[in-house]
Amino acid sequence: MPEFAPSRRQALHLAALAAPFLAASPGRAAGFPDRPVRLIIPWAAGGSTDAQMRTMCEIAARHLGQPIVIENRPGARGTFAASILHTQAKPDGYTIGQIHQGVLSHPFMTRSATWDSLNDFTYILAITGYLSGIVVRAESPVRDWPGLMAHMRANPGQVSVGTSGVGGASHLVISQLFEKEQVTYLHVPYRGVAETTTALLSGQVEAIADSSGWAPHVEAGRMRLLAVWANERPKRFPDAPSIREFGHDVGGIAPYGLAGPKGMDPEVTARLHDAFKAALFDPQHLAVLERYDMPVLYMTGEEYRAWNATRLPVERELIRRLGISFEGG
């Protein structure tokens, strides 16, 4: 059977038909990356996420052959990265950001339309998660978790507790715990752990419930760690009980990771995944994770998306039951 040999006119016609499809993939992998990659951290500089991400990006940049420019965008309950990926960034791989549990819960706390957490992002990989706990100043008369509960029962709705924003992981956990303990409190949201630690040290709040950016202050004797929400006591703080020791099956360490806008080229996604996976397991980065008691929670992008799919209905029901909304009402 003779081979099909198109005429010049047919060849030009076929090329014209194919051109829009070739041009429609702005994230084509050839030569990627040929300029710096922008990574959005939705927290203030100086916290544990910022330190972890900066180290990881420094290593990943060597694998990519291009710098990774970090942009701190605190506020909006840690969702600015997700918002930018959803509404502004092109799916070319040059803008990526941190995705965390608060991104999943956000759509359930607003009446206005936001993103579809499963389908509006291109998941790259899961990295690690936060050791979190509740902390008071060293001079506080509260010595332990039972003491905090007694203090809150004696002062209903008056004990101020800071977190990294409405609907964030620590806010959801602490709300569940206080509900189980049948105590009320005054919630004071901030823009990240760097701000909550400053607020506690300056006396703006009586306690903070947040990720382990407070750890250096606990070690220095400026703060007291009352309890952590993890499956076991952390190696770094063996005297700090897990909240499970008080009969609460709440918390644990949820993964966070990196994502880009919807519709990224799979080869570009793979290139980013491979560079950040290499950085994740680099000894320099593992030392940072150990410093902040952050476990390796590696998953591929597809595995991370699947984990989020199982978590979404849990988040939805929890927020509905607790009545948490950042819009009020």
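The rules behind the values
Residue indices follow the written sequence of each chain, beginning from 1 at its first position. Owing to the predicted nature of the model, reporting of local features is limited to residues with pLDDT of at least 70; listing and counting of side-chain atom pairs is limited to 80 or more, with chain, interface and lining totals taken over all residues. Side-chain descriptors were evaluated using all non-hydrogen atoms of the structure, hydrogens and water having been removed beforehand. Each helix corresponds to a stretch of at least 4 residues labelled H or I by DSSP, and each strand to a stretch of at least 2 residues labelled E; elements are numbered beginning at the N terminus. Exposure categories follow from relative accessible area, calculated using a 1.4 Å probe and restricted to protein chains: below 20% of the type maximum is buried, above 50% is exposed, and the middle band is partly exposed. When checking whether two residues touch, look at their non-hydrogen atoms; a contact exists if any pair is within 4.5 Å. The Shrake-Rupley method, run with a 1.4 Å probe sphere, supplies the accessible areas, and residue values consider only the shown protein chains as cover. The sign given to each residue is positive for Lys and Arg and negative for Asp and Glu; His and the chain ends receive no count. By convention, charge coordinates are those of NZ in Lys, CZ in Arg, CG in Asp, or CD in Glu. At least two bridges found by DSSP between two strands are what make those strands a pair. To define axes, lines are fitted to C-alpha atoms, for helices over the stretch in contact only, and angles between the resulting N-to-C directions are given on a 0 to 180 degree scale. When the strands point away from the viewer and the connection leading from the first strand across the helix to the second strand turns clockwise, the crossover is called right-handed. Only buried Ala, Val, Leu, Ile, Met, Phe, Trp, Tyr and Cys residues count toward a nonpolar core, and they belong to the same one when joined by side-chain atoms within 4.5 Å. Throughout this description, any angle smaller than 35 degrees is read as roughly parallel, any larger than 145 degrees as roughly antiparallel, any in the 65 to 115 degree range as roughly perpendicular, and the remainder as oblique. Salt-bridge detection follows one rule: a side-chain nitrogen of Lys or Arg within 4 Å of a carboxyl oxygen of Asp or Glu.

Q: Explain the overall build of the protein chain to me, using residue names and the numbers behind them.
A: From N to C terminus, the protein chain includes 11 helices and 11 strands. Overall, the protein chain is about 90 × 45 × 35 Å in size when its C-alpha atoms are taken along their principal axes. Within the protein chain, the proportion of its 329 residues that are buried is 52%. Taking contacts inside the protein chain between residues at least 6 apart in sequence as the whole, the part at least 24 apart equals 77%. Carbon and sulfur atoms make up 53% of the accessible area of the protein chain, which totals about 15000 Å². In the protein chain, which carries 31 positive and 31 negative side-chain charges, the distance between the mean positions of the two groups comes to 4 Å.

Q: Kindly report on the environment of Glu 181, identifying the contributing residues and their values.
A: Tracing the backbone shows Glu 181 in helix α6 (residues 169–181). Separated by 28 residues in the primary sequence, Glu 181 and Ala 209 place their C-alpha atoms 16 Å from one another.

Q: Explain the sheet that holds strand β1 (residues 37–41) residue by residue, including any values.
A: Taken together, six strands build an open sheet; the order of strands is β2-β1-β3-β10-β4-β11 and the sheet is mixed. Each end of this open sheet is capped by a strand with a single partner; those strands are β2 (68–72) and β11 (296–300). The sheet shows a mean angle of 25° between the axes of neighbouring strands, direction not considered. Examined bridge by bridge, strand β4 (residues 121–129) and strand β10 (residues 255–261) share seven bridges and lie antiparallel to one another.

Q: Can you lay out the pairing of strand β6 (residues 160–163) for me, pointing to particular residues and giving the numbers?
A: What you see with β6 is no split at all: Ser 160 and Gly 162 on one side and Val 161 and Thr 163 on the other are buried throughout. Looking at chain direction, β6 and strand β7 (residues 186–189) are connected through four bridges and run parallel. Within β7, the residue paired with Val 161 across the bridge is His 187. Following the chain from β6 across α6 to the adjacent parallel β7, one finds a crossover that is right-handed. Strand direction decides the pairing type here: β6 and strand β8 (residues 207–211), joined by two bridges, are parallel. Directly across from Val 161, in β8, lies its bridge partner Ala 207.

Q: Describe in detail the nonpolar core, supporting the description with residues and values.
A: One finds Leu 39, Ile 68, Ile 99, Phe 121, Leu 258, Leu 272 and Phe 276 to be the most contacted residues of the largest nonpolar core, which totals 49 residues. No other element matches helix α2 (residues 48–64), which puts eight residues into this core. If you look at the next biggest cluster of nonpolar residues, it comprises 22 residues, including Trp 145, Ile 174, Tyr 185 and Ala 209.

Q: Could you give an account of the environment of Ile 127, naming the residues involved and the relevant values?
A: Assignment of secondary structure puts Ile 127 in strand β4. Counting along the chain gives 168 residues from Ile 127 to Pro 295, while the straight-line C-alpha distance between them is 8.7 Å.

Q: Mind laying out the packing of helix α5 (residues 145–154) against α6, listing which residues take part and the relevant values?
A: It is at 12 Å that the axes of α5 and α6 come closest, and there the two elements cross at 70°. With respect to α6, the axis of α5 lies roughly perpendicular. Here α5 contributes Trp 145, Met 149, Met 152 and Arg 153 to the contact with α6, which in turn contributes Leu 177, Phe 178 and Glu 181.

Q: Tell me about the pairing of strand β9 (residues 223–228), residues and numbers included.
A: Where burial is concerned, most of β9 is hidden: six out of the six residues are buried. For strand β5 (residues 132–137) and β9, the ladder comprises five bridges, and the chain directions are antiparallel. Bridged to Ile 134 within β9 is Ala 227.

Q: If you had to explain the side chain of Asp 293 to someone new, which residues and values would you point to?
A: Locating Asp 293 in the fold gives a position in the loop between α10 (283–291) and β11. In contact with Asp 293, other than residues within four places in its own chain, are Leu 131, Pro 234, Arg 236 and Phe 237.

Q: Got a sec to walk through the pattern of salt bridges? Specific residues and values, please.
A: What the rule picks out here adds up to 15 salt bridges. Put simply, Asp 50 and Arg 54 hold a salt bridge, and the shortest N to O gap is 2.9 Å. With Asp 50 and Arg 54 both in helix α2 and four residues apart, the pair spans about one turn of that helix. Assessed through its relative accessible area of 6%, Asp 50 is described here as buried. The exposure class of Arg 54 is partly exposed, given its relative accessible area of 37%. Two residues, Glu 317 and Arg 320, come together in a salt bridge whose shortest N-O distance is 2.6 Å. One end of the pair, Glu 317, and the other, Arg 320, are both in helix α11 (residues 301–322), three residues apart, so they sit about a helical turn from each other. The exposure class of Glu 317 is partly exposed, given its relative accessible area of 38%. For Arg 320, a relative accessible area of 57% puts it in the exposed group.

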